[in-house]
Amino acid sequence: MNRTHLSVFSWPRLVGNRRLFLLCLILFVSSALISLWTFFPADALQRRLVEEVTRQTGLDMQGRNGSMIFPPGLGLDLSIYPDLGGLNDFELTDVRVSPVWSHLFSSRQKVNLIASLAGGRIDADVGRNGLARMEINDIAVAALQQSDLPYRVDGQLTGQLDGENISQQMSGRGEFSLFLKDAHVLGLERIGLPANFAVGELHFEAQLDKRRLSLEKVILTGGGLELSGGGNILIGKSSGQTRLNLNVRLHPTSTTPDGLRDLLDLTGVRPTADGSYLLRIGGTLTKPVIR
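Residues numbered from 1 in each chain as written. Predicted model: local features only at pLDDT ≥ 70, side-chain atom pairs only at ≥ 80, totals over all residues. Heavy atoms only, no water.

## A look at the overall build of the chain
At step 1: The helix and strand tally for the chain stands at 4 helices and 14 strands.
At step 2: Taking all 291 residues of the chain together, the buried fraction comes to 31%.
At step 3: Sequence separation of at least 24 residues holds for 38% of the intrachain contacts in the chain that already meet a minimum separation of 6. (Helix = DSSP H or I, 4+ residues; strand = E, 2+ residues; numbered from the N terminus. Buried < 20%, exposed > 50% of the residue type's maximum accessible area, 1.4 Å probe, protein only. Contact = heavy atoms within 4.5 Å.)

And the structure:
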């Protein structure tokens, strides 16, 4: 009995059984991964993702090149067609969509999306409860605008958005913090200013409450003109129905072109004691009125 016991549970045999078990486990896991990779329903998940985002936001978009990625998720390229004049289609490449594993079995399930856009990166978490958080880094804003626009803005955009139920129907809320570095305005030669006018760095903070966009901080420094201000924008269905109620202070600097100083004088607004101009801007986005 002891010999039989020793022969069955001897150390060499235990080691051999362990090796055999590990080999079988490795073969099983490898086979499961290969099967999952081969039969992963990438096209179906891509269609489902596009349909759900379109339903939630109203944005027109198209997905392509759907594939499985590791850790488990969906990889694709995505084209978004914004219904806004003057903007190019947004081409998101190397898109990676995967669950946020730490929230997978909670009531706050989230999906993480990482993508490349206009030379920069987007990193967003979107939850089933409607909460969203997005960070953008070094987006080239000139690439998002159509090249035939008379005036365009160039620079690298970085920022953060925290929102809730933000959609095309404008029923949600959100907070924005945006920073545009190395900002330039292109096309100003039409009004006698430099064709590539450096305006420095723009810091922008705002809150969105349904259709009301409250500009809490707008600061422009480091360029040919300094600016500060705030106010409200009531977003309409079109630029002609979008109402403005803004207070803007413009302060010329030693590098401000003479042509721009002349334009400020033409507004009819007299400079204050420190040489700045306080402008009250009303009207609509297509027909602003300066007071």
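## Looking at the environment of Glu205
At step 1: Counting through the fold element by element, Glu205 comes out in strand S9 (residues 196–209).
At step 2: Classification of Glu205 by relative accessible area gives partly exposed; the value is 25%.
At step 3: Separated by 12 residues in sequence, Glu205 and Lys217 place their C-alpha atoms 5.0 Å apart.
At step 4: If we ignore the near neighbours within four places in the chain, the residues touching Glu205 are Phe176, Ser177, Ser214, Leu215, Glu216 and Lys217.
At step 5: At a separation of 3.3 Å, a polar atom in the side chain of Glu205 contacts the side chain of His203. (Polar contact = N/O pair within 3.5 Å; in protein donor to acceptor, adjacent residues only side chain to side chain.)

## Some details on the pairing of strand S5 (residues 120–127)
At step 1: Pairing between strand S4 (residues 110–117) and S5: 8 bridges, direction antiparallel. Each bridged residue has a counterpart across the sheet, and for Asn112 the counterpart in S5 is Asp125.
At step 2: Between the antiparallel neighbours S4 and S5 lie 2 residues, among them Ala118 with a positive phi of about 50 degrees.
At step 3: Pairing between S5 and strand S6 (residues 131–140): 6 bridges, direction antiparallel. Across the sheet, residue Asp123 finds its bridge partner in S6, namely Glu135. (Pairing = 2+ DSSP bridges.)

## Focus: the confidence of the model for the chain
At step 1: Taken over all residues, the pLDDT of the chain has a mean of 79, while the share at 70 or more is 78%.
At step 2: pLDDT under 50 marks residues 31–39. Its contacts with residues more than four places away, or in other chains, come to 4 contacts. (pLDDT = per-residue confidence, 0-100.)

## What about a nonpolar patch on the surface?
At step 1: Nonpolar side chains collect at one region of the surface, where Tyr151, Ile191, Leu263 and Leu266 lie side by side and expose about 380 Å² of accessible area between them.
At step 2: Examined against the element boundaries, Ile191 turns out to sit in the loop between strand S8 (173–186) and S9.
At step 3: Judged by relative accessible area, which is 39%, Ile191 ranks as partly exposed. (Patch = residues over 30% accessible without salt bridge, like charges linked within 9 Å, V, L, I, M, F, W, Y side chains within 5 Å. Areas by Shrake-Rupley, 256 points an atom, 1.4 Å probe, with all protein chains shown as cover. Salt bridge = Lys/Arg side-chain N within 4 Å of Asp/Glu carboxyl O.)

## Considerations on unusual backbone geometry
At step 1: With a phi close to 60 degrees, Asn65 is a non-glycine residue in the positive phi region.
At step 2: Positionally, Asn65 belongs in strand S1 (residues 60–69).
At step 3: The phi torsion at Asp182 lies on the positive side, around 55 degrees, for a residue other than glycine.
At step 4: In this structure, Asp182 sits in strand S8.

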